[in-house]
Every structure is written in structure tokens, then in C-alpha cells.
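Examining the three-dimensional arrangement
Residue-level listing of the chains:
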Amino acid sequence: LTADTYPTLVRDARYKKLGEEDIAFFRGILSEQEILQAGEGEDLALYNEDWMRKYRGQSKLVLRPKSTQQVAAIIRYCNEQRLAVVPQGGNTGLVGGSVPVFDEIVLSLAQLNKVRDFDPVSGILKCDAGVILENADSYLMERGYLFPLDLGAKGSCHVGGLVATNAGGLRLLRYGSLHGSVLGLEVVLPNGEVLNSMDALRKDNTGFDLKQLFIGSEGTIGVITGVSILCPPRPTAFNVCFLALENYARVQEVFIKAKKELGEILSAFEFMDFNSQYIAGQHLKGVAHPFSEKYPFYVLIETAGSNKEHDDLKLEQFLEGAMEEGLVSDGALAQGETEVRNLWQWREMIPEASASEGGVYKYDVSLPLKDMHSLVDAVNERLTAQNLSDTEDASKPVVCALGYGHFGDGNLHLNVAVREYTKQVEAALEPFVYEFVASKHGSISAEHGLGFQKKNYISYSKSPQEIKMIKDIKHHYDPNAILNPYKYV
Ligand code: FAD
Ligand code: MLT
Ligand code: ZN
């Protein structure tokens, strides 16, 4: 989808169009390798197009600064000149927030990628915003620590991008949200000033906790250049089991039991429906699923602790009990690292698999646990009734709707795998999905944010008063609206 796919959206005439004098200014503060210009032998598609290949902007310029001072100089100039800017991390965001809509300048944080400091006593890591999550975690692993967040895009997404989206991921259940683990930030404000709370302490009740404003702000009120985050010791004993369940009520019962009996070692409780495993199976052709029979629901439970014998015993007793009580229809327990990875792939591969048939409409919602899967059922029924969906018939635009997610956090990922993006499918899904979620008092974005995709739907989850406060804050700090325009605020 490009800007011209949205006839109601027009380029805001307040923004200056990039001129030779602007390029000359950027050449004065950045080296040649740090400036990528369209038409100068550079293909900017990687920066203009999002991970889903759903949104495509038309930026002609990508800037890749290496220091906070350079970021500040760029932003100050863009503010003075009214040049619009999209901050970009690993470009793995799933709501079209990380790519330009028209000709905004892309400010890539990829070269701001150094670890600044690590304190092995407190576990506090300080790093540049552009450090890739996997690199941050490997650095911590060598020191016996763990990054308190993990997700499928770890090989590409940045620590700064995670903070900007307030990503949740696979272990929020255990380590909590970034609103708790991020201690301080370094942020370049829209006027070019640098706000620095990198030396923040674990406890500090002196006034507003300003960093919270930027956690989940999606690049709309500042460019994050540094992150200070509290990291837990790395568990040394891991177990994973994969369970098959005969209905949705069982998923809820197994969750209650897991919380009660696995207690402090429970580190993930992910759920997947049949369609999600069907789609993953299509993608992982040749790899055997943990179960040869079909089941409507599956659950992946991970434990992480420091005493393998103790954890093994706890998990075995939990599984035996679940089988005896008839909660579980079948189960697979991983023995060793390879098996652990093999089981995880049936969960982690779903996002990639669901996009591989042509495209995917993604809805990342919070719902009361009892209502969670009814949204997937309702969407499947609707798509079938409108004759839009068939897993076998390639003439239909939709393959199927599938559900999976971070059950322990009340977070459902409803994905609609499509053979092509069409207005008809979009009209069948939106605002239907948002209305459904609002009717259950859920949230239309649990962890991916609003970005461009949900910019017109914020009122399904926020009151007019809250929306006004969000706009007031944006206007106060970014009066010229240079940061990430056309997005949710
Ligand atoms: P980008 O995609 O580049 O940017 C995301 C947003 O943040 C944009 O609005 C951008 O303008 C802004 N931004 C980026 N960097 C900065 C910065 N330094 N300063 C200010 N603003 C900035 N999310 C989850 O919550 N949980 C998951 O389990 C999860 N799994 C995923 C699995 C896959 C395979 C993929 C592709 C994505 C997944 N995501 C998940 C989406 C998630 O939002 C991103 O992976 C991550 O949070 C974005 O990081 P990024 O560096 O790629 O940011
Ligand atoms: C996940 O949990 O896998 C992610 O949030 C990504 C997605 O839903 O595509
Ligand atoms: Zn997720």
C-alpha cells in the first residue's frame, strides 16, 4: 500500500520538500557512507518498505548517524527547516510505523550500535539505541545475564526500536514490561535538545518519571539514542513442553494449573490454534509436527530456573497431573537444546509463515482471557460468509484467519493470511475487528502499537480526554510535527 492507495491522505504542505541545500547541510555533519540518496546508485526500498511488504513510502534520503550529537544536529536542522523525519530501527515493526508515507527523511539508528557500559553487580546495561537485540543478549550471555525481552525479530530489531514500540514478546509474563525494566533513556527531542536520564537509579521518586513518555511513543516525540535497562541473571536450566488440548476451556485450565504449580520458574505460556499450526506446517514443509493428530489448540510452556533437577521434577509432576485430570490430550517434552529449539519453532515461525502466502493482515489485541479466541472464530465465519476465504481454493484472496499469542499476558495475535492485499478483505476486517475488541473492553493494540495501520482507530481504545492529552503532549514537544507524521498522533 502506497500513499496513493489512500485517496483521503494528502502530503502535508507544511513540510518542506528536500532541496540541494539540505543535502549540503547533511554532508557537513555526516560522512558520505552515512548518507543514502535515491538515484545515486542507492536502492532505498529496504528503508521505504516494511517487514510485511504492506506499506511503502517514497523517501529519497536515508541518514545513518553514528553519534547522538549527529542525531541532535540533524533533528535541530529538520525542525528549523520543517523537514519531516521517520526514526527507524530494525524496521521490523508490524503497524507501518517505521516507514515513511510520503517523502519523509528516514533517520536510521543502525550505526549507533555500541554497548556503553555493563555493571555485573546491578545487572544494568547501557547501550546505544541501534544495538540489535540478539547482539545485546549475546553480550549479556557472556556475562551470565539475559536481556529481559525476547521475540522472533531478535536478529534485526534494535533495543531503541523495542523501547519506542514498548514491545512485549515471549517472556513478558516472567520479566514484565519495558515500563518496568527500562531505567533511563537518552532522547533527542524535536528541537534538537538531548534529554539524558541514562544514570537513573532503580528507585527515584523525584517528580514525573519522564522516560515513560517515550516508551511506546513510536517515534512521535523524540529520537531515542541510548537505553539503560535492568537485566536479570541468565537462567541455567530450561525446559519446554508442547501440549495438545481438545478445546479452549482446557487452555484456560492448564494456564491456571501452570501458574499455581510451576510458580516462579514459569517463563512463557504461549498458545496456538489449529490454523496457526497448519500455516506453520505449510511453511516448515518436511519438518514433523510434535503431534501427528490434529487438535484445535496447542500450548507451549517454558520453564527457566537455576536448578535443572528441581525444575524437571516440578514440570514432570505438573504434566502427570494435567494428563491424569484429562486437561491435556497429548504432550511432548523437549530433551536438550535442539529439541527445545524444535518445539519453539512451531511458535516462533508463525509470523513468517502467515505472511508467506502473499501477505498478512495483523491484529494484535488484548482481550479478557475467556473471550480471546472467539474473535478468531468470528473473523473466520465472516470471511467464509463473504466468500473471501478458502485454504485450498487459490482464487479466494484469504487463506484463513489464525490465532496465537502470549496467552499469559491476555494478548492474542489474530492474523489473516492472504494471497493478496485487497480493499474487499480490508473492508471485511476493519472496523469489524476493532468493534469486536471494544465491545469486550479490550485493547486494539497489546504490543505492536498503532503506527499507520491503526491511526484512525485509536478511539476504540482511548477516551476523547486521553486522546486530547496525547495530542497536547505531541504539540507541546513537537509543535512543527516533524517527527513521524501521518501516524497515530
Ligand atoms: P522499527 O520497526 O524500526 O520501528 C518501530 C517504531 O519505533 C516506529 O514507529 C519507529 O519510528 C520507532 N522507532 C524505532 N527506533 C526508534 C528510536 N531509536 N527512537 C524513536 N523511535 C524509534 N513485537 C512484540 O511486541 N512482541 C513480539 O513478540 C514481536 N515479535 C515479532 C516477531 C517478528 C518476526 C517481527 C517481524 C516483529 C515482531 N514484533 C513483536 C514487532 C515489534 O514491534 C518489533 O520487532 C520491534 O519492537 C521493533 O523494533 P525495530 O528496531 O525493528 O523498530
Ligand atoms: C509474535 O508474538 O510472534 C509477534 O508479536 C509477531 C506477530 O504477531 O507477528
Ligand atoms: Zn507477540
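Each chain has its residues counted from 1, running along the sequence as written. Both sets of labels track the order of writing: A upward for chains, 1 upward for ligands. Only residues with pLDDT of at least 70 are given local features in this predicted model, and only at 80 or more are side-chain atom pairs given and counted; all residues enter the totals for whole chains, interfaces and linings. Think of the side-chain values as coming from all heavy atoms in the structure, minus any hydrogens and water.

1. Brief notes about the overall build of the protein chain
Numbering of helices and strands starts at the N terminus; helices are DSSP runs of H or I of at least 4 residues and strands are runs of E of at least 2. Within the protein chain, the regular secondary structure consists of 16 helices and 16 strands. Here the protein chain has a C-alpha radius of gyration of 23 Å; the compact-globule value for 489 residues is 23 Å, and the two agree. Each residue gets one of three labels from its accessible area relative to the maximum for its type: buried under 20%, exposed over 50%, partly exposed in between, using a 1.4 Å probe on protein chains only. Going through the 489 residues of the protein chain one by one, you find that 55% of them count as buried. Long-range pairs, those at least 24 residues apart, make up 74% of the contacts in the protein chain between residues at least 6 apart in sequence. The method behind every accessible area is Shrake-Rupley, applied with a 1.4 Å probe, and residues are considered shielded solely by the protein chains displayed. Carbon and sulfur atoms make up 51% of the accessible area of the protein chain, which amounts to about 21000 Å² in all. Taken as two groups, the 48 positive and 65 negative side-chain charges of the protein chain have centres that lie 5 Å from each other. In this setup the radius of gyration rests on C-alpha atoms only. A globule is expected at 2.2 Å times the number of residues raised to 0.38. Contacts between residues were defined by any pair of non-hydrogen atoms, one from each residue, lying within 4.5 Å. Counted as positive: Lys and Arg. Counted as negative: Asp and Glu. His and the chain ends are not counted at all. Each charge is placed at NZ for Lys, CZ for Arg, CG for Asp and CD for Glu.

2. A closer look at the sheet that holds strand β4 (residues 105-108)
DSSP-based pairing: two strands are paired if at least 2 bridges between them are found. Read from one edge of the open sheet, 4 strands run β1-β2-β4-β3, paired in mixed fashion. If you trace the sheet from one side to the other, it starts and ends with β1 (35-37) and β3 (85-88), each paired once. Put simply, the sheet's adjacent strands are angled 20° from each other on average, direction ignored. Examined bridge by bridge, β3 and β4 share 4 bridges and lie parallel to one another. Think of each axis as a best-fit line through the C-alpha atoms, taken over the contacting stretch in the case of a helix, with angles from 0 to 180 degrees between the N-to-C directions.

3. Considering the coordination of the zinc ion (ligand 3)
Any nitrogen, oxygen or sulfur atom within 2.8 Å of a metal ion counts as a donor, with the limit raised to 3.2 Å for Na, K and Ca, and since water is left out, coordination shells can look unfinished. Taken together, the protein donors to the zinc ion (ligand 3) comprise H406 (NE2), H413 (NE2) and E447 (OE), at separations of 1.9 to 2.1 Å. For the zinc ion (ligand 3), the single-chain donor residues occur in sequence as H-x6-H-x33-E. Of this pair, H413 sits in strand β16 (residues 411-418) while E447 sits in the loop between α15 (432-439) and α16 (464-477); the two residues are 34 residues apart in sequence, bridging distant segments of the chain. For E447, a relative accessible area of 10% gives the class buried.

4. Structural notes on the pattern of salt bridges
Opposite charge on two side chains makes pairing possible when the charged atoms of those side chains draw close. Any carboxyl oxygen of Asp or Glu within 4 Å of a side-chain nitrogen of Lys or Arg constitutes a salt bridge here. One pass over the full model with this rule turns up 29 salt bridges. Within this structure, D150, K154, R171, E302 and E348 form a network of salt bridges that share partners.

5. A closer look at the pairing of strand β15 (residues 398-406)
In terms of burial, β15 is a largely internal element, 9 of the 9 residues being buried. Where β15 lies against β16, 8 bridges are found, and the strand directions are antiparallel. Within β16, the residue paired with G403 across the bridge is L414. With antiparallel pairing between neighbouring strands as the criterion, β15 and β16 make up a hairpin whose turn holds 4 residues, including G410 at a positive phi of roughly 70°.

6. Quick notes on the site of ligand 2
L94, R347, P351, K362, Y404, H406, H413, E447 and H448 make up every residue found near ligand 2. As used in this structure description, the phrase polar contact means that two N or O atoms lie within 3.5 Å; if the pair is within protein, one of them must be able to donate a hydrogen and the other to accept it, and residues adjacent in sequence are counted only when both atoms belong to side chains. Interatomic distance of 3.0 Å between a side-chain N/O atom of E447 and an oxygen atom of ligand 2. Out of a free accessible area of 260 Å², ligand 2 has 85% covered by protein chains. Just so you know the grouping, Ala, Val, Leu, Ile, Met, Phe, Trp, Tyr, Cys and Pro go in nonpolar, Asp, Glu, Lys and Arg go in charged, and all remaining residues, Gly too, go in polar. For the shell around ligand 2, a count of residues per class yields 3 nonpolar, 3 polar and 3 charged. The cutoff for a nearby residue is simple: one of its non-hydrogen atoms must lie within 4 Å of the molecule or strand.

7. Topic: the side chain of K396
Residue position: K396 is located in the loop between α13 (374-385) and β15. K396 gets classed as buried once you look at its relative accessible area, which sits at 16%. Apart from residues lying up to four places away in sequence, K396 is in contact with N387, L388, S389, D390 and R419.

8. Focus on the site of ligand 1
For ligand 1, the set of nearby residues contains 34 residues, the closest of which are P87, G89, T92, G93 and T165. In the environment of ligand 1, an oxygen atom lies 2.7 Å from a nitrogen or oxygen atom belonging to the side chain of T92. Here an oxygen atom of ligand 1 and a backbone polar atom of G93 are 2.7 Å apart. Looking at the shell around ligand 1 element by element, the count peaks at 4 residues for helix α5 (residues 159-165). Class assignment for the residues of the shell around ligand 1 results in 13 nonpolar, 19 polar and 2 charged.

9. Some thoughts on the packing of aromatic side chains
Remark: the centre distance and the inter-plane angle together describe each pair of aromatic rings, the angle taken between the planes. Stacked, tilted and edge-to-face pairs are distinguished by plane angle, under 30 degrees for stacked and over 60 for edge-to-face with tilted covering the rest, among Phe, Tyr and Trp rings (Trp via its six-membered ring) whose centres lie within 6.5 Å. By the definition in use, this model includes 26 aromatic pairs. Arranged with centres 3.9 Å apart and planes meeting at 5°, the rings of F25 and Y77 form a pair that is stacked. Here Y77 lies in helix α3 (residues 68-81) and F25 lies in helix α1 (residues 20-29), a separation of 52 residues in the sequence. Y77 sits in the buried class, given a relative accessible area of 9%. The interplanar angle of 70° and the centroid separation of 6.2 Å between the aromatic rings of Y248 and F407 together place this pair among those described as edge-to-face. Placement of the pair is Y248 in helix α8 (residues 248-262) and F407 in the loop between β15 and β16, with a sequence separation of 159 residues. Note on Y248: relative accessible area 12%, which makes it buried. An aromatic cluster of three or more residues is present, and its members are Y248, F255, F269, F271, F297 and F407. Geometrically, a charge over a ring is one whose NZ (Lys) or CZ (Arg) sits within 6 Å of the ring centre while staying within 35 degrees of the ring normal. Over the face of the ring belonging to Y139 we find R143, whose NZ or CZ atom lies 3.7 Å from the ring centre.

10. Points about α15
Along α15, the positions that sit buried rather than exposed are V433, Y434, F436 and V437. Along α15, the residues classed as buried sweep out an arc of 160° about the axis, all on the same side. Looking at the packing, one finds that the buried side of α15 touches β14 (359-366), α13, β16 and α14 (423-429). Directly beyond the C-terminal end of α15, a positive phi value near 60° is found at H441. Along the arc lie the directions from the helix axis toward the C-beta atoms.

11. Section: the confidence of the model for the protein chain
A low pLDDT means the predicted coordinates there should not be read in detail. The predicted model of the protein chain averages 96 in pLDDT, with 99% of residues at 70 or higher. Model confidence for the complex is summarised by a pTM of 0.97, with the ipTM given as 0.99. The pLDDT value tells you how sure the predictor is about a given residue, anywhere from 0 up to 100.

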